[in-house]
Structure formats: structure tokens, C-alpha cells
Amino acid sequence: MVPLGQHPSDAFAPRLVPPRLEPEKGGDFKSDDTAAGLAGAGRVDSGGATGFPLATTRPTDPEPSMPDALELLETRRTIAALQLAEPGPSDAEIRRLITVAARVPDHGKLTPWRFVLYRGAARAALDARLAPLHRAKFPDMPAEKAEFEWTRFQRVPLTIGVVSRAVEHFKVPIWEQELSAGAACQNLLLAVHALGYAGQWLSGWCCYDAEAAAILGAKEGERFAGLIAIGTPTVPPVDRPRPAFEDVVTEWSA
Ligand SMILES: Cc1cc2nc3c(=O)[nH]c(=O)nc-3n(C[C@H](O)[C@H](O)[C@H](O)COP(=O)(O)O)c2cc1C
């Protein structure tokens, strides 16, 4: 695991260190930075069967402000998959990424999503399975563009597929379950950024073609919410214009 503050992408990205959860005696967790505010109030257990840290009680005091967390949110931006290189996240970092990705609002606690890792030697094998299908489906695609598809996975250190597995439920509409999968994608991107890597939320033909999606690991009734390409940026980030407050906000009045 690359030590926080020493990641190769530091040359491009500001190092943003979120409060860290450290084990306390007895397996409880607390935040370094917020220990005083949370003392005796906010306790988090180590996750039991899921392995995910689970909040068990909430502090009654107001939440402490987290300026670093806001900066993290304000600086996340996509780096195109073509501009992502090694190193990718370590095993320990991947566990942490998934822990954050799974920590999303989830009406009914249905866990209507799951994750698939594409990394290592499996990437080229996956590309080799997809390429003939792509050739057959898009025979007229110019070679340059097709080449991108035929090497999609092996060019990126790590891709995490976020699979939506929404099912009919008496109370929770499919739409809400799918929104939860989208939230998992965004949480994942934010965690990637927090660890000093960069990512891109991708979809493309292989998400929507049933045969390709099956090769990627989708089972009956599942679909991909996104393929999150993850690696170390090779270029400085260039932001895009963001929507103006006035263009996206209206105030309701009677
Ligand atoms: C569901 C979803 C699918 C996307 N699929 C693609 C894609 O296949 N190819 C692509 O270039 N961008 C895709 N994007 C857009 C990029 O992930 C990204 O949002 C965009 O480049 C803007 O960058 P930003 O994250 O800095 O706002 C997709 C975005 C979403 C939300």
C-alpha cells in the first residue's frame, strides 16, 4: 500500500487525508481527528460477518466539520481511462475502496448491487473474450476506435464493475435500488480520489450487450451500473466547466 502522502499521483493531485478509522482496544474504531468530539458517543464496530465497519450508535453532539472531506468532494474529477497507468490500488486499498463503495443509502437494506474486479492477467483474457464479439457486432467500426475496445481492460490497472441487482420488491421500487447502485459508483470514485488515484465511470457496448455483459460476469436480471476504471493519472487534471448554481436550482414557493 502506498503510504498516504507519498503516492506517485501526488505530483498532480492535492493530498487529501480524510480522518482515519483506527482500531481501539476491544476492536472498536474511532476517528483520529474527531476523537474528542466523539469520545464516549460515536462507536463503530468492526463489521462482523460483512467485514464492513458498521456504525452502531451515533453521537448526540453535532457532527464535527470535516474541511478535508469537503475539499475532497470539491476536487474530484474524472481522468480518462486512457490516461491512467500503473500503479493501481493494492489489495488492502481495494478492500477499503469496496468498503466505502458499499456504504451507501440503501432503502430496505437490500444490498441491490455487487462488485466485480478486473485486474492482473484476467484483464487480457477478458479482452480476448470480448474482442471477437465486438468484431462481430461492429464490423464497420474503424480499426483505431475498435482497438480501444479490444484493449479496454488491459490498458487500465484496475476496473471495478458495479453490478445492479435490483429485484421487484413490495416496498422499494427498482428505481430506488438502481439509484443506490449509482451512489455506490460515486462513492467508489470519491474513495479512489481520496487514496490518490484517479478514475473514470464508464459504460459502453459491453455493459448493454447481453452476451458481453454475461462475459463480464452479469447474471440473469443483473446489469452494469458502471465500469469504474482506476489507476494513477499520467497527466495533470483538467477540470470541465461545472453547472452554475442558478442553472440547476429553483426555489419552490407557493
Ligand atoms: C452512468 C455513466 C456512464 C458513463 N459512461 C461513459 C463512457 O462510457 N465513456 C465516457 O467517455 N464517459 C462516460 N461517462 C462520463 C464520465 O464518467 C465523466 O462523468 C465525464 O467524463 C465527466 O467527468 P467528471 O467526472 O470530471 O465530471 C459516464 C458517466 C456516467 C454517470
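Right above here is the structure, for reference.
Definitions and cut-offs
Residues numbered from 1 in each chain as written. Predicted model: local features only at pLDDT ≥ 70, side-chain atom pairs only at ≥ 80, totals over all residues. Buried ≥ 20, exposed ≤ 12 C-beta atoms within 10 Å, placed from the backbone. Helix = DSSP H or I, 4+ residues; strand = E, 2+ residues; numbered from the N terminus. Pairing = 2+ DSSP bridges. Near = placed C-beta within 6 Å. Nonpolar A, V, L, I, M, F, W, Y, C, P; charged D, E, K, R; others polar. Axes fitted to C-alpha atoms, helices over the stretch in contact; angles between N-to-C directions. Parallel < 35°, antiparallel > 145°, perpendicular 65-115°, else oblique. Left-handed = near helix turned anticlockwise from the far one by under 90°. Contact = placed C-beta atoms within 7 Å.

Draft legend 1. Representation of the pairing of strand β7 (residues 158-164) in the model. The buried fraction of β7 amounts to seven of the seven residues, a majority that puts the element mostly inside the structure. Residues Leu-158, Ile-160, Val-162 and Ser-164 point to one face of β7 and Thr-159, Gly-161 and Val-163 to the other, with burial holding for every one of them. With seven bridges connecting them, strand β6 (residues 113-119) and β7 associate as antiparallel partners. Directly across from Trp-113, in β7, lies its bridge partner Ser-164.

Draft legend 2. Looking closely at the site of the ligand. In the neighbourhood of the ligand, the contacting residues comprise Arg-77, Thr-78, Gln-200, Trp-201, Leu-202, Ser-203, Gly-204, Gly-226 and Arg-240. A total of three residues in the shell around the ligand trace back to one element, the largest contributor, which is strand β8 (residues 198-202). A class-by-class count of the residues in the shell around the ligand yields two nonpolar, five polar and two charged.

Draft legend 3. Examining unusual backbone geometry more closely. Note the cis peptide between Glu-86 and Pro-87, where omega equals 0 degrees. Here Pro-87 shows up in the loop between β5 (84-85) and α3 (91-101). Phi angles above zero are rare outside glycine, and Lys-109 is one such case at about 50 degrees. Assignment of secondary structure puts Lys-109 in the loop between α3 and β6. Its identity is not glycine, yet Thr-111 carries a phi of approximately 45 degrees, on the positive side. Secondary-structure assignment places Thr-111 in the loop between α3 and β6.

Draft legend 4. Structural view of the packing of α3 against helix α6 (residues 174-194). Orientation of α3 relative to α6, taken along the N-to-C sense of each, is 140 degrees, at an axis distance of 8 Å. With respect to their mutual orientation, α3 and α6 come out oblique. In this structure, α3 meets α6 at a crossing whose hand is right-handed. Contact residues: Arg-96, Leu-97, Val-100 and Ala-101 in α3; Ala-184, Asn-187, Leu-188, Ala-191 and Val-192 in α6. Of the residues in the contact of α3 with α6, the class split is seven nonpolar, one polar and one charged.

Draft legend 5. Representation of the packing of helix α4 (residues 122-137) against helix α5 (residues 143-150) in the model. Running from amino to carboxyl end, α4 crosses α5 at an angle of 145 degrees, the nearest separation of the two axes being 9 Å. Taking contact as the criterion, the partners of Asp-127, Ala-131 and His-134 in α4 are, on α5, Ala-146, Glu-149 and Trp-150. Broken down by class, the residue content of the contact of α4 with α5 amounts to three nonpolar, one polar and two charged.

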